[in-house]
Amino acid sequence: MLQNPNLADVRPGDEIDGFYLLTDATVRTSSNGSRYLSATLCDRSGSLDLKMWDYGENIGPEDNGAAVRVRGQVLDYRGTRQLNVRKLRLAEASDGVNAETLMPAAPIDAEEAMRYVEGILASLQDADYRKLAETLFSRRKEQFKTVPAAKSIHHGFRNGLLMHTANMLQTAEFLSDLYAEVVNRDLLLTGTLLHDMAKIREFTFSPLGAVRDYSVEGRLLGHPFMGAQEVAEAAQALGVPQEKSVLLQHLLLSHHGEPEFGAAVLPMCAEAELLHLIDLIDSRMEIYAETLQDLPAGSFSDRIYALEKRIYKLPEAENEKSS
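The structure presented is a predicted model; accordingly, all values stated were derived computationally and were not measured.

Caption draft 1: Inspection of the pairing of strand β6 (residues 80–90) at higher detail. Two strands pair when backbone bridges link them, and strand β4 (residues 46–52) and β6 are joined in this way by three bridges, in the parallel orientation. Bridging from a neighbouring strand, D49 pairs with Q82 of β6. Relative to β6, strand β5 (residues 67–77) runs antiparallel, the two sharing ten bridges. By the bridge assignment, R71 is partnered in β6 with K87. Hairpin connection from β5 to β6: two residues lie between these consecutive antiparallel strands, with R78 at a positive phi of about 55 degrees.

Caption draft 2: Region of interest: the packing of aromatic side chains. According to the stated counting rule, one finds five aromatic pairs in the structure shown. Between F203 and F205, the ring centres sit 6.4 Å apart and the planes meet at 85 degrees, which makes this aromatic pair edge-to-face. Classification of F203 as buried rests on a relative accessible area of 6%. Assessed through its relative accessible area of 22%, F205 is described here as partly exposed. Judged by centre distance (5.0 Å) and plane angle (50 degrees), the ring pair of F203 and Y214 falls under tilted. Within this pair, whereas F203 is found in strand β7 (residues 203–205), its partner Y214 is found in strand β8 (residues 211–214), the two being separated by eleven residues in sequence. Residue classification places Y214 among the partly exposed residues on the basis of a relative accessible area of 32%. Counting every residue linked through ring pairs, the aromatic cluster contains F203, F205 and Y214.

Caption draft 3: How the structure looks around unusual backbone geometry. At D24, a residue that is not glycine, the phi angle is positive and equals roughly 55 degrees. The exposure class assigned to D24 is partly exposed, which follows from its relative accessible area of 31%. Its identity as a non-glycine residue notwithstanding, E308 has a phi of 60 degrees, on the positive side. Mapping E308 onto the fold places it in the loop between α10 (270–293) and α11 (316–322). Exposure remark for E308: the relative accessible area of 58% places this residue in the exposed category.

Caption draft 4: Region of the structure containing helix α9 (residues 242–254). Taking 1.5 Å as the rise per residue, α9 with 13 residues should run 18 Å; its terminal C-alpha atoms sit 18 Å apart, in good agreement. Among the residues of α9, those classed as buried are S245, L248, Q249, H250, L251, L252, L253 and S254. Looking at the buried side of α9, the elements it contacts are α2 (127–139), α5 (185–194), α8 (223–238) and α10.

Caption draft 5: Summary view of the environment of A133. Inspection of the secondary structure assignment puts A133 in helix α2. Owing to a relative accessible area of 0%, A133 belongs among the buried residues under this scheme. As a C-alpha pair, A133 and V27 span 106 residues in sequence and 42 Å in three-dimensional space. Look past the residues within four positions of A133 in its chain and what remains in contact with it is L121, L124, T190 and L193.

Caption draft 6: Just α2, in detail. Under the 1.5 Å per step criterion, the end-to-end length of α2 is 18 Å for 13 residues, consistent within 8% with the ideal 18 Å. Residues of α2 that are buried include every one of D128, Y129, L132, A133, L136 and F137, and no others. Looking straight down α2, one finds its buried side chains confined to an arc of 150 degrees; they lie on one side. Those residues of α2 hidden inside the fold are in contact with α1 (110–123), α3 (141–146), α5, α8 and α9. Two or three places before D128, at the opening of α2, D126 has a side-chain oxygen 2.9 Å from that residue's backbone nitrogen.

Caption draft 7: Fine view of the pattern of salt bridges. Per the stated rule, a full pass over the model turns up 15 salt bridges. Notably, a salt bridge pairs E230 with R140, separated by 2.9 Å at the nearest N-O pair. With a gap of 90 residues between them, E230 in helix α8 and R140 in the loop between α2 and α3 connect regions that are remote in the sequence. Residues E230 and R140 agree in their burial class; the two are buried. For the salt bridge of D186 with R185, the shortest nitrogen-to-oxygen distance reads 3.5 Å. The class of D186 is buried, set by a relative accessible area of 7%. Taken together, the salt bridges that share partners define one network made up of R140, R201, E217 and E230.

Scoring rules and cut-offs
Residues numbered from 1 in each chain as written. Predicted model: local features only at pLDDT ≥ 70, side-chain atom pairs only at ≥ 80, totals over all residues. Heavy atoms only, no water. Pairing = 2+ DSSP bridges. Helix = DSSP H or I, 4+ residues; strand = E, 2+ residues; numbered from the N terminus. Phe/Tyr/Trp six-rings, centres within 6.5 Å; stacked < 30°, edge-to-face > 60°. Buried < 20%, exposed > 50% of the residue type's maximum accessible area, 1.4 Å probe, protein only. Expected span 1.5 Å × (residues − 1). Contact = heavy atoms within 4.5 Å. Arc of directions from axis to C-beta. Polar contact = N/O pair within 3.5 Å; in protein donor to acceptor, adjacent residues only side chain to side chain. Salt bridge = Lys/Arg side-chain N within 4 Å of Asp/Glu carboxyl O.

In structure tokens form, the structure reads like this:
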């Protein structure tokens, strides 16, 4: 029996007993009508899907984001590791577990990334955009630094929103210089900084900071509208001209590109177009990064829902050439 092994290191046949973070917990019904628990375990090294067939209803979706103690055997299910759970319970104070160490974190220096974001803020030349950005950023600065950027699709780990935003700001800064005759730099950078800020309200979080579920307003409105609403209210209070407020709202409302993906309107100015494309690049590259991490070289992944396709990992020799 392996005690608290890193999830990235366990292999089919291993018996494990340890403390991990529970995510994506759902109760399902099997073909014979019995209920079972399907969920994902996480630690700093990776994740592992689990199934608990002998389900006693002691753990459920309301425990997403909590630390749990689990005991079971790792199996190979259609080429994918899966944990067959024998025992599962919530971690207790007497267990002495430092639950924060269980949560996967972004592979960045969070302090350095925050300094970069604050440097972008200070570089804004337009007083109105800078005033809006500073006001809205200051309201959620501490949460912005730590929370995930998504429930599961991309950057769904501690410091994920910071990593996603800082990555996008670097790309936006480069492209605003490259297309300086077409793009208003301060509008693009302000929109990039604020585009996902309302995700802090869109989700509910566990005490550890993991995304537990969508909030009521998050489901009913979505972060693009919630963010645009905050911009409109702050702009009015700060005396920002209506035209600038509307342009910034437009960037937030259109940054998902198409209505079928959550955009309220199509991007209709160069800055909105670039913001959408920059967001798409960073989110999709993170999906690639997370998938390729556990994928054997020279093989294809399973179909990835968010990309609507399978992806290929180059053979080791090709990877070495490109690095």
